[in-house]
Amino acid sequence: MNVRALKHEDPDRLYTVTGGRSRIDDDALDLVTLVIAENDPAPGMQSEHVTILRLCRHEPVAVVELSSHLRLPVSVVKILLLDLRDTGHITVRHPTSATSTTHLADLETLKQVLVGLESL
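Below is a summary of the structure that appears in this document. Each residue is numbered by its place in its chain's sequence as written, counting from 1. Only residues with pLDDT of at least 70 get local features here, since the model is predicted, and only at 80 or more are side-chain atom pairs given and counted; chain-wide, interface and lining totals rely on the full set of residues. Hydrogen atoms and water are omitted, and side-chain values are computed over all heavy atoms in the structure.

1. Comments concerning the overall build of the protein
Going by this rule: Helix and strand definitions here come from DSSP, where helices need a minimum of 4 consecutive H or I residues and strands a minimum of 2 consecutive E residues; each element is numbered from the N-terminal end. Whether a residue is buried, partly exposed or exposed follows from its accessible area with a 1.4 Å probe, protein chains only, as a fraction of its type maximum: under 20%, in between, or over 50%, in that order. Contacts are residue-level and defined by heavy atoms, with any inter-residue pair within 4.5 Å sufficient. A 1.4 Å probe and the Shrake-Rupley method give the accessible areas. Residues count as covered only by the protein chains that appear here.
Across its full length, the protein holds six helices and three strands. Classification of the 120 residues of the protein by burial places 28% in the buried group. Within the protein, residue pairs in contact and separated by at least 24 positions form 71% of the contacts whose partners lie at least 6 positions apart. For the protein, the accessible area works out to roughly 8400 Å², and carbon and sulfur atoms hold 54% of it.

Here is the structure:
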């Protein structure tokens, strides 16, 4: 979302979407946190919640991607996601990094790959 779009966003709408909340006290969500829907939207849910659940239905989606799809600031999306998480509609997880995996390539294999690349 670009800065110009935020300047034209109706602050009353953002206030309504978040129920007046502007901060979260939970560090569980960052830009790359993956969101997975646990169930389908329920009747009467807020439209933004419904959209989040539909986007995350088949595969995990990052917080920053949800922000882009919803055209809402990341801070607002985080508030919406915490609402859904607290009610059990979604689960969140952080992507695993290569350093956190239990099986790393051994040094001999890496040397062989390097020799192979140099011979190309």
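This is not the end of the story, as more comes after the structure.
2. Re the pattern of salt bridges
How we decide: Here, a salt bridge means any Lys or Arg side-chain nitrogen found within 4 Å of an Asp or Glu carboxyl oxygen.
Within the structure shown, the criterion is met by two salt bridges. The partner of Arg85 in a salt bridge is Asp86, with the nearest N and O atoms 3.3 Å apart. Note on Arg85: relative accessible area 26%, which makes it partly exposed. A residue is classified by how much of its surface remains accessible, and Asp86, at 58% relative accessible area, is exposed.

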